[in-house]
Amino acid sequence: MAAKLFLLKCGFLFLFLSIILINTSNAQTHEDHDGHIHALDPTDVHTDGAHTNITTTTHIHTEEDSHTHVHAAEEAEAEAESGHSHSSSCEIEANPNYNMPMRIGSIFIILTTSAIGIFAPIILHHISPYQPGSPREWILTAGKFFGTGVIIATAFIHMLPEALERFDSPCLSAGWHSYHAFGGVFCLIASFALQLLELAALTNLDNLARKNAASKAVDEKLENQKAHAHDHTGIHEDGHVHTAGFLENEQSVRSLGTFILELGIIMHSIIIGITLGSTENDEFTTLLIALVFHQFFEGIALGTRINDLNCQTWRKPIIMGVLFICMTPIGVAIGIGIRSTIDPRASILAQAILDSLSAGILLYSAYVSLMSIEINHNTGFRQSSIFRKAFCFICMYLGAALMAVLGTWA
């Protein structure tokens, strides 16, 4: 419970930090839009203590400069026609054609598709008991491994490349261009931090298991002493097998991995929501369609992992599902609210840092919690049939491939 509350607090902390980073302005060197450097010749005139500045601005135009303007205009026009230009203005620009109703409608569109994606496997898992090998069990297994591929591809295709591209933006100050791998550094920091967090949580669980085992041993000893006065057979008929907390710890490891996975997905959902809310009209429709599929597939991935928690009630799955489906709409609302006041340089830097951290979280979760524990170190999977193994791997590769294709647009 303590680890779950801590991770929940971390999620809200990242949401708060994203808002702070986005609204933080960075000092940049001013350069005129026409590319000219203006030579300033200030002359100070002091009269009766009054200070007056007379500034003479000199424009130097050469034939070479005019050719430079022509070539630059042609290159910019070619980039605009090809649609591959990723550069954006470094100053705040008003957008009179901003389609507000469509942005508001996108909140409900994404809310619906995210809810279908995450709650479909949860409902399918809880509606009634099913036997191993039944069609429903095969469907849930396909969804689980499909989701694993989705998560890995999300980190490699969607998050890390976008973070590296944003760190390379000309809008950022020279300090951010002094080192070419800031995206990898923040990704590494997130992975190391998660490893320490998981170690601390598991150590705490081990201590609790030892205390519970010691307490049970004392209780059993007292019960045995009482029973010894009435029953001298020495046979315990309760039929219970005491595992000293080992099975409980294994389930706790799965639970912790699922909470960490949701933390990374929530951070990424906020970022893409902000991007959708503040993007231009000509890119909005394509991005919205891509994000609808993106959130649907991520919902399936998270929903199948929530099923592994083996919750006896609906409370925890509903809470985790609602957190997921609300984060992207919240990001869209933030993007709508700050679109006219946000400093593009601060926005680029904030999204680069948060994308890098999210990539580190998802990569750690994918390789440690999903692939290693569920496949390599899972005795049941290793002993399963060749057909079942091939089916699981095909589902995982298919999920990764679909997310890689979506990387063309989002």
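Residues numbered from 1 in each chain as written. Predicted model: local features only at pLDDT ≥ 70, side-chain atom pairs only at ≥ 80, totals over all residues. Heavy atoms only, no water.

- As recorded by an unreviewed UniProt entry, the chain carries the name High-affinity Zn(2+) transporter zrt1 and is attributed to Rhizopus azygosporus.
- Under the heading Sequence similarities (unreviewed entry), UniProt records this for the chain: "Belongs to the ZIP transporter (TC 2.A.5) family."
- Here the chain is described in UniProt, under the heading Subcellular location (unreviewed entry), as follows: "Membrane". (UniProt positions renumbered as here; feature names shortened; annotations may be inferred.)

Here's the deal with empty space enclosed by the protein
Inference 1: Per the stated rule, a full pass over the model turns up two cavities of 30 Å³ or more.
Inference 2: The computed volume of the largest cavity comes to approximately 100 Å³.
Inference 3: Lining the largest cavity are Val253, Arg254, Gly257, Thr258, Arg305, Asp308, Ser369, Leu370, Ile373 and Glu374.
Inference 4: Going through the elements one at a time, helix 6 (246-278) and helix 9 (344-376) are the ones with two or more residues in the lining of the largest cavity. (1 Å grid on protein atoms, 1.4 Å probe; cavity = no way out; pocket = protein on both sides within 12 Å on 5 of 7 lines; lining within 4 Å. Points joined across faces, edges and corners; volume = space filled by probe spheres on them. Helix = DSSP H or I, 4+ residues; strand = E, 2+ residues; numbered from the N terminus.)

Digging into the UniProt feature "transmembrane region" (unreviewed entry) in the chain
Inference 1: Under the present numbering, the feature "transmembrane region" (unreviewed entry) in UniProt falls on residues 104-126, 138-159, 179-202, 259-278, 284-306, 318-342, 348-370 and 390-409.
Inference 2: Segment residues 138-159 splits into 100% helix and 0% strand. End C-alpha atoms: 30 Å apart.
Inference 3: A distance of 29 Å separates the end C-alpha atoms of residues 259-278, which is 100% helix and 0% strand.

A short note on unusual backbone geometry
Inference 1: Of note in this structure, Asn310 is not a glycine but carries a positive phi near 55°.
Inference 2: For Asn310, the location among the structural elements is in the loop between helix 7 (281-307) and helix 8 (315-338).

Some thoughts on the packing of helix 4 (residues 135-167) against helix 11 (residues 386-406)
Inference 1: Remark: helix 4 packs on helix 11, axes separated minimally by 7 Å, with the N-to-C direction vectors making an angle of 40°. Of the possible angle classes, the one that applies to helix 4 and helix 11 is oblique. The hand of the helix 4/helix 11 crossing is right-handed.
Inference 2: The residue makeup of the contact of helix 4 with helix 11, split by class, is 18 nonpolar, six polar and two charged. (Axes fitted to C-alpha atoms, helices over the stretch in contact; angles between N-to-C directions. Parallel < 35°, antiparallel > 145°, perpendicular 65-115°, else oblique. Left-handed = near helix turned anticlockwise from the far one by under 90°. Nonpolar A, V, L, I, M, F, W, Y, C, P; charged D, E, K, R; others polar.)

Focus on the nonpolar core
Where a protein is soluble and globular, its nonpolar side chains tend to be buried together.
Inference 1: Counting residues in hydrophobic clusters, the biggest one holds 25 residues, and the most contacted among them are Ile118, Ile151, Leu302, Ile306 and Leu362.
Inference 2: Listed by contribution, the elements that provide at least two residues to this core are helix 3 (100-126), helix 4, helix 6, helix 7, helix 8 and helix 9.
Inference 3: Sequence-distant contacts of Ile118, defined by excluding residues within four places in its chain, comprise Gly299, Ile300, Leu302, Gly303, Ile306, Met320, Gly321, Phe324 and Ile325.
Inference 4: Residues Cys171, Ala190, Leu263 and Leu357 belong to the second largest nonpolar core, which totals 20 residues. (Core = buried A, V, L, I, M, F, W, Y, C linked by side-chain atoms within 4.5 Å. Buried < 20%, exposed > 50% of the residue type's maximum accessible area, 1.4 Å probe, protein only. Contact = heavy atoms within 4.5 Å.)

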